[in-house]
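# What the coordinates show
The lines below spell out each chain.
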Amino acid sequence: MKDVPIREVLERLEEITGYAFIFNDNSHEGVKQRVSAVFNNCSLNEILSTTLRETGLSFNVEGKQVAIYATPTAVEPTPILRYSGQVTDAKHQPMAGVTVFVANTNKGVLTDKEGRFWIKTQAGSVLMFSYLGYDTQEIVTDAEKGMLPTVIMTESAAEIEDVVVVGYGVQTKASTVASITQTSGEDIMGGGNVNTVSEALQGRLNGVVTIQSTGKPGDSAAEIYIRGKSSWQNTTPLVLVDGIERNMDDIDMNEIATISVLKDASATAVYGVRGGNGVILVTTKRGTDNSRPTINFSANIAMKQFTQLPYYADYLSSMKAWNEAAATDKKWDLVIPESTIKAWENAFATGNYGPYNDYFPQVDWYDFMVTKPGVSQNYNANISGGSEWLNYFASIGYQYDGDIFNIDKQPDFDPRNYMRRYNWRSNFDFKPTKTTTVSVNIAGRMQYVNNSIDSDFAKLMQAPSNNFPVKYSDGYWGDNLVGGYNPYANFNTQGQIQEKRFIGWYDFSLKQDLGALLQGLSVQAKLSYSQNTSTRSSIRRGTLHGNGDALGAKSTIRYNRTWDYANPIINEDNSVSYPLLTEKRHPDDQTSEGLPVSASYDNLNNTSRRLYYEFAISYNRSFNDHNVSLLALMNRQIYEEKGSGSTMKFPSYRED
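Residues numbered from 1 in each chain as written. Predicted model: local features only at pLDDT ≥ 70, side-chain atom pairs only at ≥ 80, totals over all residues. Heavy atoms only, no water.

A count of helices and strands for the chain gives 12 helices and 36 strands. Overall size of the chain, expressed as C-alpha extent along the three principal axes, is 120 × 105 × 50 Å. Contacts in the chain between residues at least 24 apart in sequence constitute 65% of all its contacts with a sequence separation of at least 6. On the chain, roughly 36,000 Å² of surface is accessible, and the fraction owed to carbon and sulfur atoms is 52%. Of the side chains in the chain, 60 bear a positive and 73 a negative charge, and the two mean positions are spaced by 5 Å. (Helix = DSSP H or I, 4+ residues; strand = E, 2+ residues; numbered from the N terminus. Contact = heavy atoms within 4.5 Å. Areas by Shrake-Rupley, 256 points an atom, 1.4 Å probe, with all protein chains shown as cover. Lys, Arg positive; Asp, Glu negative; His and termini not counted. Charge placed at Lys NZ, Arg CZ, Asp CG, Glu CD.)

Let us look at empty space enclosed by the protein. For the structure on display, the rule yields three cavities of 30 Å³ or more. When its volume is computed, the largest cavity comes out at roughly 80 Å³. In this structure, the largest cavity is lined by 12 residues; those nearest its centre are L240, G243, E245, R274 and Y612. Only β19 (244-245), β34 (598-623) and β35 (626-641) provide two or more residues apiece to the lining of the largest cavity. Tallied by class, the residues present in the lining of the largest cavity amount to five nonpolar, three polar and four charged. (1 Å grid on protein atoms, 1.4 Å probe; cavity = no way out; pocket = protein on both sides within 12 Å on 5 of 7 lines; lining within 4 Å. Points joined across faces, edges and corners; volume = space filled by probe spheres on them. Nonpolar A, V, L, I, M, F, W, Y, C, P; charged D, E, K, R; others polar.)

Here the focus is the nonpolar core. Ranked by internal contacts, the top residues of the largest apolar core, which has 22 residues, are V197, L201, I224, M248, I259, I280 and V282. Of all the elements in the fold, those that place two or more residues in this core are α5 (197-200), β17 (223-226), β18 (238-241), β20 (256-262), β21 (279-284) and β28 (495-513). With three residues, β20 is the single largest residue contributor to this core. Not counting residues within four places of it along the chain, the set of residues in contact with I259 comprises T181, Q182, T183, I188, V197, L201, L205, I280, L281 and V282. The next biggest cluster of nonpolar side chains, apart from the first, holds 20 residues, and it includes W365, M369, L460 and A463. (Core = buried A, V, L, I, M, F, W, Y, C linked by side-chain atoms within 4.5 Å. Buried < 20%, exposed > 50% of the residue type's maximum accessible area, 1.4 Å probe, protein only.)

The next subject is the confidence of the model for the chain. Scored by pLDDT, the chain has a mean of 85; 91% of the residues are at 70 or more. When the criterion is pLDDT under 50, residues 544-553 qualifies, and its contacts beyond four places in sequence or with other chains add up to 14 contacts. (pLDDT = per-residue confidence, 0-100.)

Turning next to the side chain of R246. Along the polypeptide, R246 turns up in the loop between β19 and β20. Among the residues examined, R246 registers a relative accessible area of 9% and is labelled buried. Side chain to side chain, R246 and S528 meet in a polar contact 2.8 Å long. Apart from residues lying up to four places away in sequence, R246 is in contact with V239, V241, W505, Y506, D507, S528, Y529 and S530. (Polar contact = N/O pair within 3.5 Å; in protein donor to acceptor, adjacent residues only side chain to side chain.)

Of note, N486 is situated in the loop between β27 (477-478) and α11 (487-493). Apart from the residues within four sequence positions on either side, N486 is in contact with W365, F468, P469, V470, W477, G478, D479 and R558.

What follows deals with the pairing of β28. Here strand β26 (residues 436-452) runs beside β28; their pairing, made up of 17 bridges, is antiparallel. What sits directly across from Y448, in β28, is K500. Relative to strand β29 (residues 521-540), β28 is paired through 19 bridges, and the arrangement is antiparallel. What sits directly across from Q498, in β29, is S537. (Pairing = 2+ DSSP bridges.)

The full count for this structure, using the stated rule, is 27 aromatic pairs. Aromatic side chains Y315 and W344 sit 4.7 Å apart centroid to centroid with 75° between the ring planes, which places their arrangement in the edge-to-face category. One end of the pair, Y315, is in helix α7 (residues 315-328); the other, W344, is in helix α8 (residues 338-350), and 29 residues separate them in sequence. Taking the relative accessible area as the measure of exposure, W344 reaches 2% and is therefore buried. (Phe/Tyr/Trp six-rings, centres within 6.5 Å; stacked < 30°, edge-to-face > 60°.)

For the rest of this paragraph, the subject is the pattern of salt bridges. Applying the stated rule across the entire model yields 23 salt bridges. Here K500 makes a salt bridge to D602, at a shortest N to O gap of 3.4 Å. With K500 in strand β28 and D602 in strand β34, this residue pair connects regions lying 102 residues apart in the sequence. Shared partners join several salt bridges into a network, and the residues in it are E245, R274, R654 and D656. (Salt bridge = Lys/Arg side-chain N within 4 Å of Asp/Glu carboxyl O.)

Glancing now at the environment of N532. With respect to the element layout, N532 can be found in strand β29. Apart from the residues lying within four places of it in its own chain, the contact partners of N532 are F502, I503, N606, T607 and S608.

A few words on the sheet that holds strand β23 (residues 374-386). Across the sheet, 10 strands lie side by side as β22-β23-β24-β25-β26-β28-β29-β34-β35-β36; this open sheet has antiparallel pairing. The sheet is open, and its two borders are formed by β22 (291-304) and β36 (652-655), each paired with just one other strand. Averaged over neighbouring strand pairs, the angle between their axes works out to 10° when direction is ignored. Pairing geometry for β34 and β35, over 16 bridges, is antiparallel. Looking across to β35, one finds that F623 is bridged to H626. (Axes fitted to C-alpha atoms, helices over the stretch in contact; angles between N-to-C directions.)

This paragraph deals with α8. Between its terminal C-alpha atoms α8 stretches 18 Å, which fits the 18 Å expected from 13 residues at 1.5 Å a residue. Looking only at α8, the buried set comprises T340, I341, A343, W344 and A347. An end-on view of α8 places all buried positions within 160° of arc, on one side of the element. Opposite the buried face of α8, by more than 90 degrees, sit the exposed residues A349 and T350. Here the buried face of α8 lies against α7. (Expected span 1.5 Å × (residues − 1). Arc of directions from axis to C-beta.)

Okay, here's the thing in structure tokens:
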């Protein structure tokens, strides 16, 4: 066949061979090419290979069908490159926690505290930069440049017009030159079922770092650093709730309207040296004018458990490694006898070991003590609304935080770790005249924190797994030579301590608009009283007042026993036991068992009260594009707290 289209050649082959030829959509143009070929005694594969050579077409034979398709073009893979850069705000301050991700992929990273990032992707990829309250930025990667230009994040237009709380007032973001960041109560509530406000701030505010060192019920508040830890001394920021110095972890998160963080000197200057570590301003919710009653109810239930547990080498490996170290140091007296190692090898091989085995104790203290997840519950109901003469917001909340440890309620006491808290708040704004506003805030908290007398978490990490059982077969607790290292006995048998913490906050303020005298002029007076009282109740095992209290407090008898593994004893029932080598009794050989429990109820632990009053006159007026704000303010604080015994310390005074 000479100078004929490929399709004609293939159709002729179809008639001769009986094979069905199928053409893919991408082959239609290719089969229009013209070829010349003569074949004698050739196979179908040979004919097709010769005909389609250098035509850009390929074939595939499956049974009696032949598929013709365009040969795929080999695409050289694009190399993966490493790119780095920095993200700042409009004031050229580094921004930590900015999300950097490759568009149309799930590949992303976060900027570090210096605003820097590193990411691997192909040249020509689009990198997206996003952060809450800021416009998303884009940048295209270059094949020749691994270092990207600095990305400047700009606040969204809607955010710029927002009102932010500043020292002793409010301003729009557009008119604020100080470094201030703000978040809303709704954003805080989006942080999950955490127990304190400080925990919920993690990752919510630019420049604010929180570190939580414990999740213990009633003690889970996080440390807060604004722009890092600036000193080895106290770096705790000043916290004001509705303008009064208070602990924000004492309020229910459902009560919060906004949280503002003042970070630089221009923002904190009005607070003097007290604002040197930054200032956090918490504003609680209030009712709005002429609004219908709005009722909200929220319920949150969460579970918590360890995210990661330590890994320990098995006991046999530990003993062999110990012997190697002792031999290396030529301390032959410390070498563990081979008979002991062989006995343990046999115990592991036969399954003759466990947490209650006298001779071969094997206790995974984490698995034994952490048997269930802790449960945390949070409920809140609130109502808000307003009319022409009264705005109101009222809230009541309940919180329960349970622990993860395997602690059981005992007949004489309850050593379980848990926290129960009740919060209440009512904010009222009365308007007896159009120019007068009287505000009354009444809030408080009642908290119960229950703990075991001895709940040292460090002992859980330090307790040996193979030195003693949880309990011996004779009913006595096991312990090591030093004593006090049986976590289960420590947590369950020593007693309980319950702390009651009451806080009451009472605020009254009067604001009078004097616009009739001078437009923009107003005066304000504020009076605040805070009461904080904590009491402690306890039930202790084995304390007999006036007779060995120190020993009685530790009267749970424990033993440490060692065995002679070199001389096993075969009993009549073919079980194996071992002679006792040493026995150590804790706390000592004289302490009696079964001493009665003792109790104390509501002993005053601490009490404090704070009286604060403030007077201010302010002038705020706009002239065309110019804003004028003037403020003259004085305040005084009287603070008293409990001293030694039942006496109060001399009051401290501060005036600004």
